[in-house]
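# Architecture at a glance
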Amino acid sequence: MLNARSKMDADVEFETQALGGKDLAYLAPLSLQEAEDMKAAHPEFQFFAGGTILNWRAAPRAKGLIDLKNLALDEIDVTPESLAIGAMVTIQELTEYPGIPKAVSSAAGLFSSRNVRNMATVGGTAAGRFFVSDLLPVFLAYRADVKYFLGKKMSTLPLSQWLQARSGILCSIVIRQLDRNVAFRQEKISKIDFPLIVTAVGWKKAGTQIKEAVVAISGASGKMALSESGAACLEGKDVSVIESSMVNAAVQQDLQPTESIKASSRVKRRIVESQLKGIIAELQKEGAL
Ligand SMILES: Cc1cc2nc3c(=O)[nH]c(=O)nc-3n(C[C@H](O)[C@H](O)[C@H](O)COP(=O)(O)OP(=O)(O)OC[C@H]3O[C@@H](n4cnc5c(N)ncnc54)[C@H](O)[C@@H]3O)c2cc1C
């Protein structure tokens, strides 16, 4: 009789052989707890969602895969108050599902190709540590939460905090503040390329005043950036009097753009400036309605 641990090891061996002797193990847990136990037993294995990053030539080769496909993480739940997007929901599904906020479905629609959108998942976008993201700035501008499984239990954290350690199994992204005004801009070199810079701004309105502003930027450096100076500059202002030049001056203080083969840090700063101009104008127009 095998105990749980040795049974898992036996499964790994079986799957390895089943893959034609290639040096890659494959596990498909049936519960979150089982997935967590498998990861604990094989820390060098990777959770497997859509596989776009894991199959990418630039990604480090995984020793084994723990497939998240059987964990019922592929549902979208929209109510008038909130939106919960399961980690295994694909980016393409986000573009098509009824009731998804326009900023979210539009950002999803800008992913590099339909092939990628059909495979890539929302969980992989947040957990995958890719160097740039279409969706994360928009989720951050909505002040989304993450539900994740860690240490035998489900927990919730603001996405901004969860991204700092990206621990556990991401189960869903939850937007509870659907009444926020959110707009974003994306810049890329060619239609089928990764995005170069994505900037999103979100706020709530109390009367005509801005509350709980967020300015989120992806692609300026390798990390998601939240501009606290940009948010502080917007906080408490009347929507009609904001000037994008003021917001830009504040945001630029927080940015530390890195040079890349596609754009110098100076060009990246100019892109953010023009994106902020478009976003602020759009949100002011929305606010005036
Ligand atoms: C060719 C290509 C084109 C791309 N184009 C774009 C683009 O246009 N716009 C854009 O924003 N991004 C783009 N990306 C990045 C994109 O965000 C990811 O490829 C995709 O969303 C990752 O999802 P996935 O399901 O494929 O992740 P996978 O490749 O399956 O996994 C990636 C990593 O995340 C971990 N992981 C996945 N799901 C979970 C979970 N639920 N809990 C914990 N850990 C998890 C895995 O262990 C792995 O380490 C592109 C990537 C590639 C390779």
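Values in this document were obtained by computation on a predicted structure and should not be read as measured data.

On to the overall build of the chain. Counting its secondary structure elements, the chain contains 11 helices and 12 strands. Against the globule reference of 19 Å for 289 residues, the chain gives a C-alpha radius of gyration of 20 Å, in line with a compact fold. Overall size of the chain, expressed as C-alpha extent along the three principal axes, is 75 × 45 × 30 Å. Counting every position in the chain, which comprises 289 residues, the buried fraction comes to 46%. Look at the contacts in the chain between residues 6 or more apart in sequence, and 59% of them connect residues 24 or more apart. Measuring between centres, the 34 positive side-chain charges of the chain sit 5 Å from its 31 negative side-chain charges.

Attention shifts here to unusual backbone geometry. One non-glycine residue, lysine 152, lies in the positive phi region at around 70 degrees. With respect to the element layout, lysine 152 can be found in the loop between β6 (145-150) and β7 (153-158). One non-glycine residue with positive phi stands out, namely glutamate 212, at about 50 degrees. Exposure remark for glutamate 212: the relative accessible area of 31% places this residue in the partly exposed category.

Let us now look at the site of the ligand. In the region of the ligand, 30 residues are neighbours, and Gln46, Phe47, Gly50, Thr52 and Thr121 sit closest. At 2.9 Å from an oxygen atom of the ligand is found a main-chain nitrogen or oxygen belonging to alanine 49. In this structure, an oxygen atom belonging to the ligand sits 3.0 Å away from a main-chain N or O atom of leucine 54. Contact with the protein chains removes 92% of the 970 Å² of surface that the ligand exposes when unbound. Here the shell around the ligand spans two domains, and each of domain 1 (4-67) and domain 2 (76-175) adds at least three residues to it.

Read across the sheet, three strands follow the order β1-β3-β2 without closing on themselves; strand pairing throughout is parallel. A single partner strand is all that each edge strand has here, and the edge strands are β1 (25-27) and β2 (46-48). Averaged over all neighbouring strand pairs, the angle between strand axes comes to 30 degrees, with direction disregarded. The sheet contact formed by β1 and strand β3 (residues 64-67) spans three bridges and is parallel. Within β3, the residue paired with tyrosine 26 across the bridge is leucine 65.

The buried fraction of strand β8 (residues 169-175) is high, at seven of seven residues. The pairing of strand β5 (residues 83-86) with β8 spans four bridges and is antiparallel. Each bridged residue has a counterpart across the sheet, and for glycine 86 the counterpart in β8 is serine 172. Both β6 and β8 contribute to a ladder of five bridges, which runs antiparallel. When the bridges of β8 are listed, aspartate 145 appears paired with valine 174.

With that settled, consider the pattern of salt bridges. Taken as a whole and judged by the stated rule, the model has six salt bridges. The partner of arginine 114 in a salt bridge is glutamate 96, and the shortest N-O contact between them spans 3.3 Å. Here arginine 114, found in helix α5 (residues 114-119), pairs with glutamate 96, found in helix α3 (residues 91-96); they are 18 residues apart in sequence, far enough to count as distant. Note that arginine 270 and glutamate 273 form a salt bridge whose closest N and O atoms lie 2.7 Å from each other. Highlighted residues: arginine 270 and glutamate 273, both in helix α11 (residues 265-288), separated by three residues, approximately one helical turn.

Note that predicted coordinates carrying low pLDDT should not be read in detail. Summing up the model confidence of the chain, the mean pLDDT is 91 and the portion of residues at 70 or higher is 91%. Segment residues 1-21 is flagged for pLDDT under 50; beyond a separation of four residues in sequence, or across chains, it makes 20 contacts in the model.

A cluster of acidic residues, Asp74, Glu75, Asp77 and Glu93, forms a negative patch on the protein surface. For glutamate 93, a relative accessible area of 36% translates into the label partly exposed.

Ordered in space as β9-β10-β11-β12, the four strands form an open sheet in which the pairing is antiparallel. A strand with exactly one partner marks an edge of an open sheet, and here the two such strands are β9 (181-187) and β12 (225-226). Looking at chain direction, strand β11 (residues 209-218) and β12 are connected through two bridges and run antiparallel. When the sheet's bridge partners are listed, alanine 216 is paired in β12 with leucine 226.

About the cut-offs
- Every chain is numbered on its own, with residues counted from 1 as its sequence reads.
- Under the rules for a predicted model, residues below a pLDDT of 70 receive no local features and side-chain atom pairs below 80 are neither given nor counted, while totals for whole chains, interfaces and linings still include all residues.
- Computation of side-chain values: all heavy atoms of the structure, hydrogens and water removed.
- Numbering of helices and strands runs from the N terminus; a helix is a DSSP stretch of H or I covering at least four residues, while a strand is a stretch of E covering at least two.
- Here the globule rule reads 2.2 Å times residues to the power 0.38, and the radius of gyration is calculated from C-alpha atoms.
- Three labels apply to residues, based on accessible area from a 1.4 Å probe with only protein chains included: buried if under 20% of the type maximum, exposed if over 50%, partly exposed otherwise in between.
- Whether two residues touch is decided by their heavy atoms; if any such pair falls within 4.5 Å, the residues are in contact.
- Under this rule, positive means Lys or Arg and negative means Asp or Glu; His and the chain ends count for nothing.
- A single reference atom marks each charge: NZ on Lys, CZ on Arg, CG on Asp, CD on Glu.
- To be near a molecule or strand, a residue needs just one of its heavy atoms within 4 Å of it.
- Pairing of N or O atoms within 3.5 Å defines a polar contact, subject to two protein rules: one partner must be a possible hydrogen donor and the other a possible acceptor, and residues neighboring in sequence count only if both atoms are side-chain atoms.
- Note on areas: Shrake-Rupley with a 1.4 Å probe; residue coverage comes only from the protein chains shown.
- What fixes the domain bounds is an automatic or database domain assignment.
- Whether two strands pair depends on DSSP finding at least two bridges between them.
- All axes are obtained by fitting lines to C-alpha atoms, using only the stretch in contact for helices, and the reported angles, taken between N-to-C directions, cover 0 to 180 degrees.
- Note on definitions: salt bridges are taken to be side-chain nitrogens of Lys or Arg within 4 Å of carboxyl oxygens of Asp or Glu.
- Values of pLDDT, the confidence the predictor places in each residue, fall between 0 and 100.
- Residues with no salt bridge and a relative accessible area higher than 30% make up the patches, which join like charges within 9 Å and nonpolar side chains (Val, Leu, Ile, Met, Phe, Trp, Tyr) within 5 Å.

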